[in-house]
Amino acid sequence: MAEGTDAGGRFDLYPAIDLRRGRCVRLEKGRADRETVYGGDPHGVAAGFVDAGARWIHVVDLDAAFGDGSNRALIRDLASSLGVRVQTGGGLRSEADLAEVLESGVARAVIGTAAIENPELVRRAVERWGAERIAVGLDARGRRPAARGWLEESGTDLFDLARSLVDVGVRTIIHTDIERDGMMMGPNLPLSVELAAHSGAEVIVSGGMRGMEDVHAVATASREGRGIAGAIIGKAIYEGALDLPAALQAAG
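What you are looking at is a predicted structure, and each value in this text was computed from that prediction instead of being measured.

Parameters at a glance
Residues numbered from 1 in each chain as written. Predicted model: local features only at pLDDT ≥ 70, side-chain atom pairs only at ≥ 80, totals over all residues. Heavy atoms only, no water. Salt bridge = Lys/Arg side-chain N within 4 Å of Asp/Glu carboxyl O. Helix = DSSP H or I, 4+ residues; strand = E, 2+ residues; numbered from the N terminus. Core = buried A, V, L, I, M, F, W, Y, C linked by side-chain atoms within 4.5 Å. Buried < 20%, exposed > 50% of the residue type's maximum accessible area, 1.4 Å probe, protein only. Contact = heavy atoms within 4.5 Å. 1 Å grid on protein atoms, 1.4 Å probe; cavity = no way out; pocket = protein on both sides within 12 Å on 5 of 7 lines; lining within 4 Å. Points joined across faces, edges and corners; volume = space filled by probe spheres on them. Polar contact = N/O pair within 3.5 Å; in protein donor to acceptor, adjacent residues only side chain to side chain. Phe/Tyr/Trp six-rings, centres within 6.5 Å; stacked < 30°, edge-to-face > 60°. Axes fitted to C-alpha atoms, helices over the stretch in contact; angles between N-to-C directions. Left-handed = near helix turned anticlockwise from the far one by under 90°. Nonpolar A, V, L, I, M, F, W, Y, C, P; charged D, E, K, R; others polar. pLDDT = per-residue confidence, 0-100.

In the structure shown here, the tally under the stated rule is 17 salt bridges. Between Glu 103 and Arg 128 there is a salt bridge, with its nearest N and O atoms 3.0 Å apart. With a gap of 25 residues between them, Glu 103 in the loop between helix H4 (95-102) and strand E6 (108-111) and Arg 128 in helix H6 (residues 119-129) connect regions that are remote in the sequence. Shared partners join several salt bridges into a network, and the residues in it are Arg 72, Arg 76, Asp 97 and Glu 100.

Here we take up the nonpolar core. The biggest cluster of nonpolar side chains holds 71 residues, and the ones touching the most others in it are Leu 13, Ile 17, Phe 49 and Leu 98. If one sorts the elements of this core by residue count, helix H7 (residues 158-167) sits on top with six residues. Dropping the residues within four chain positions of it, Leu 13 is found in contact with Trp 56, Val 215, Ala 231, Ile 233, Ala 247, Leu 248 and Ala 251.

Here we come to empty space enclosed by the protein. Applying the stated criterion across every chain, the model contains two cavities of 30 Å³ or more. Looking at the second largest cavity, its volume works out to about 30 Å³. Asp 61, Arg 72, Ile 75, Thr 88, Gly 89, Gly 90, Leu 92 and Val 101 are the residues that line the second largest cavity. Contributions of two or more residues to the lining of the second largest cavity are made by helix H3 (72-81) and strand E5 (85-89).

Let us look at the environment of Asp 139. With respect to the helices, strands and loops of the structure, Asp 139 is situated in strand E7 (residues 134-141). The spacing of Asp 139 and Asp 177 is 38 residues in sequence and 6.1 Å in space, taken between C-alpha atoms. At a separation of 3.3 Å, a polar atom in the side chain of Asp 139 contacts the side chain of Thr 176.

So, on to the side chain of His 58. Structurally, the position occupied by His 58 is in strand E4 (residues 56-61). For His 58, a relative accessible area of 8% puts it in the buried group. Among the polar contacts made by the side chain of His 58, one reaches the side chain of Gln 87 at a distance of 2.9 Å. Not counting chain neighbours up to four residues away, the residues in contact with His 58 comprise Tyr 14, Pro 15, Ala 16, Ile 17, Gln 87, Val 110, Ile 174 and Ile 232.

The description of an aromatic ring pair uses the distance of the two centres, along with the angle that the planes make with each other. Taken as a whole and assessed by the stated rule, the structure comprises three aromatic pairs. Here Phe 49 and Tyr 238 contribute two aromatic rings whose centre-to-centre distance is 6.3 Å and whose plane-to-plane angle is 65°, an arrangement assigned as edge-to-face. With Phe 49 in helix H1 (residues 42-52) and Tyr 238 in helix H10 (residues 235-238), this residue pair connects regions lying 189 residues apart in the sequence. With respect to burial, Phe 49 and Tyr 238 carry one shared label: buried. In this structure an aromatic cluster arises from ring pairing among Tyr 38, Phe 49 and Tyr 238.

A separate point is the packing of H4 against H6. Any two packed helices are characterised by how steeply their axes cross, that is the angle between the axes, and by the distance between the axes. Closest axis-to-axis distance for the H4/H6 pair is 10 Å, and the angle between their directions is 35°. H4 and H6 meet at a crossing whose hand is right-handed. Between H4 and H6, the contacting residues are Glu 95, Leu 98, Ala 99 and Leu 102 on the first element and Leu 121, Arg 124, Ala 125, Arg 128 and Trp 129 on the second. Looking at side-chain class alone, the contact of H4 with H6 contains six nonpolar, no polar and three charged residues.

For the protein, the average pLDDT comes to 90, and 91% of its residues sit at 70 or higher. The least confident element of the protein, judged by mean pLDDT, is strand E9 (residues 152-153) at 60; the most confident is E6 at 98. Here residues 1-8 scores under 50 on pLDDT; set against residues more than four positions off or in separate chains, the count is 20 contacts.

Okay, here's the thing in structure tokens:
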């Protein structure tokens, strides 16, 4: 698998697989007690995304994010067997964690909590692996970022935090609106666009994507040069509200 990416100047949809105890699940607003299980075959789900034409797959290790285990071996297997780029996050809080995934076939690692608690790690990661292979996941309620599996608010401002991360070399930010995640109520596209404008980063929209109308909206924002580099879609696919091949084709 190629280790680089072609995200710059290109819009991509990222069908998502959230892993908990080896199963595909979705949470509502990131809450572990509001979990829906969509199957025990992540390989089959991922293969379906590939067959639909996905260029990327976004994989989250919820067990690692919650500090309750790890699905890292499964993620490495997915990355080495799918033939598409895998972007993964969840519990990547040290340089050793990043090396484990990035040196085993994963195309891009997403740093979440550690980006808030240890920005020096982000700087070192970008220097070591390049900005195209490191993304920062900023999960927030409005402009209040959260960490530790969304259990703790950081007390910093979303825009200020993003700007400081861009200053240490970050180019790609995944912005998740926690209140919309898993709720299929539409993404917070205006805030994502504002985040891109304030930070100078390429922003991947996450949280709330529900159907073709949202796909067209985020793709249009990208074409208009508003700093949107992609969108992550999860529950809408699993619930049958979105036809993934059609969405991928519409996104270009």
